[in-house]
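Next come the chains, spelled out residue by residue.
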Amino acid sequence: MTATTSNEATASTVNLGPAAGLASKESGARIPLAPEFVSPDDFSPLEVVYDFGNVRREDIEAGPRSIWRYKQLLPVPPNVADYPNTEPGCTRLIKADRLAAELGVRKLWIKDDTGNPTHSFKDRVVAVALAAAREFGFKVLACPSTGNLANATAAAAARAGWESVVLIPSSLERAKVLTTAVYDGALIAVDGNYDDVNRLATELAAEHEDWAFVNVNVRPYYSEGSKTLGFEVAEQLGWRLPEQIVVPIASGSQLTKVDKGFQEFGQLGLVEPTPYRVFGAQATGCSPVSAAFRSGHDVVQPVKPDTIARSLAIGAPADGPYVLDTVRRTGGAIEDVTDAEVVEGIRLLARTEGVFAETAGGVTMACAKKLLETGKLDPDAETVLLITGDGLKTLDAVADQVGPRATVPPSAAAVHEALERGRG
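Just so we're clear, the structure is a prediction, and the values are computed from it rather than from any experiment. All residue numbers here refer to positions counted from 1 along the written sequence of the relevant chain. Where totals are concerned, whole chains, interfaces and linings use all residues; where local detail is concerned, this predicted model gives features only for residues with pLDDT of at least 70, and gives and counts side-chain atom pairs only at 80 or more. Remark: hydrogens and water are excluded; side-chain values derive from all non-hydrogen atoms of the structure.

### A closer look at the sheet that holds strand 13 (residues 383-387)
Point 1. What the 6 strands build is an open sheet, ordered 4-5-13-10-11-12; its pairing is mixed. The outermost strands of the open sheet, each flanked by one partner alone, are strand 4 (92-95) and strand 12 (334-337). Strand-to-strand twist across the sheet, computed as the mean angle between neighbouring axes with direction ignored, equals 25 degrees.
Point 2. Here, strands pair whenever DSSP counts at least two bridges between them. The secondary structure listing takes helices from DSSP runs of H or I that are at least 4 residues long and strands from runs of E that are at least 2 residues long, numbered from the N terminus. Here strand 5 (residues 108-112) runs beside strand 13; their pairing, made up of 5 bridges, is parallel. Each residue of the ladder has a partner; that of Lys111, found in strand 13, is Leu386.
Point 3. Contacts between residues were defined by any pair of non-hydrogen atoms, one from each residue, lying within 4.5 Å. Only the stretch in contact is used when fitting a helix axis, every axis being a line fitted to C-alpha atoms; angles between N-to-C directions are given from 0 to 180 degrees. Across the sheet, helix 13 (residues 359-373) is in contact with strand 10 (244-248), strand 11 (277-283), strand 12 and strand 13; its angle to strand 12 comes to roughly 115 degrees.

### Digging into the pattern of salt bridges
Point 1. Salt bridges, as used here, are contacts in which a Lys or Arg side-chain nitrogen is within 4 Å of a carboxyl oxygen on Asp or Glu. In the structure shown here, the tally under the stated rule is 31 salt bridges.
Point 2. Note that Asp319 and Arg219 form a salt bridge whose closest N and O atoms lie 3.0 Å from each other. In this pair, Asp319 is assigned in the loop between helix 10 (288-295) and helix 11 (320-330) and Arg219 in helix 7 (residues 219-224), connecting sequence segments 100 residues apart.
Point 3. Buried residues are those whose accessible area, probed at 1.4 Å on protein chains only, stays under 20% of the maximum for their type, while exposed residues exceed 50% and partly exposed ones sit between those limits. Exposure remark for Asp319: the relative accessible area of 6% places this residue in the buried category.
Point 4. Here Arg329 ties to Asp259 by a salt bridge, and the two come within 2.3 Å at their closest N and O atoms. You can see Arg329 sitting in helix 11 and its partner Asp259 sitting in helix 9 (residues 253-267), a full 70 residues away along the chain.
Point 5. Within this structure, Lys25, Glu47, Arg219, Glu224, Lys227, Lys257, Lys260, Glu264 and Asp319 form a network of salt bridges that share partners.

Structure below.
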């Protein structure tokens, strides 16, 4: 279930900064740093553990305007920024007053990750995975993807001068297919859903020694990139934690790592470790984690995805149980919404704050609205919503919902007449 390179570096020669090893998420049993993703002790996922030094706010603030400002907290070499990379991160945190007024929330922020190089948060995780893959001696960057990861992997490989192999479901949105293919790597469409593609990637990772599948054999390092969303939110809020945060759920890794980022900042004294609640958002057509939460279960039952939110359409989410643990520990909740509500969420965010989100962002928005209506989100608590992808990637979701109000001849009178009809 693991892949190694023919010229695999030993743990003693790998330099991944503060990363000290890998540990089982269940037993805590540790192994040296390696391109492994399953614990040999209990077959649970592996997670990076660290020996952090003295990390100071001023050192972070003096760093580059990218995720590498947090390199002392990531499994990357100290000279990571010296290699060609897409330099993701440092995206906007928007004070969303108009949306807050519409939803009835006292203080609301939008973490707008559409500003990353390939317009989604996946640039963060791929950048960290690439840095680790380079240390381990891999030569090809690869992934199975529902779309955004395909874009990010192909772009990162092109920037680094690596080959790429990207596997996608053949039903993927055309925009995401084109915005991956343009980087001229090996893009392979597979007849099947994401879970089929992911199983194929695991098989290929075992066969090809020099292929780094970012979310398979170097997954422990890849997933740490999501911590930077939590780091940035805290830094942009003036070195403090929000009271509530709503995070979309696909594999579930992003939600658990944002929480890990908040915890690490608190443990290191970079912020006061104040209480916060983490909320999860899914589309009803692929909501196995939401269903488990609602039923009070600890086991997430796989489902067959059927939703327009294809970037979240993972029917067997690898980190589902850990999402349940995080949400329950922090006192949050998990909600799901219909495709119609997803589209309404996209339009609401665009209308009030000028941010055009993909369907995953519509899920976050609509779930936040539903969580408020059901009394699970506190309207008086400072809240952050994570918007993780650009609406230009999922135009089909709104194509039959929006368009010109009128088509008129080139005269001012015709424009005024059309405007009057619109007001009526």
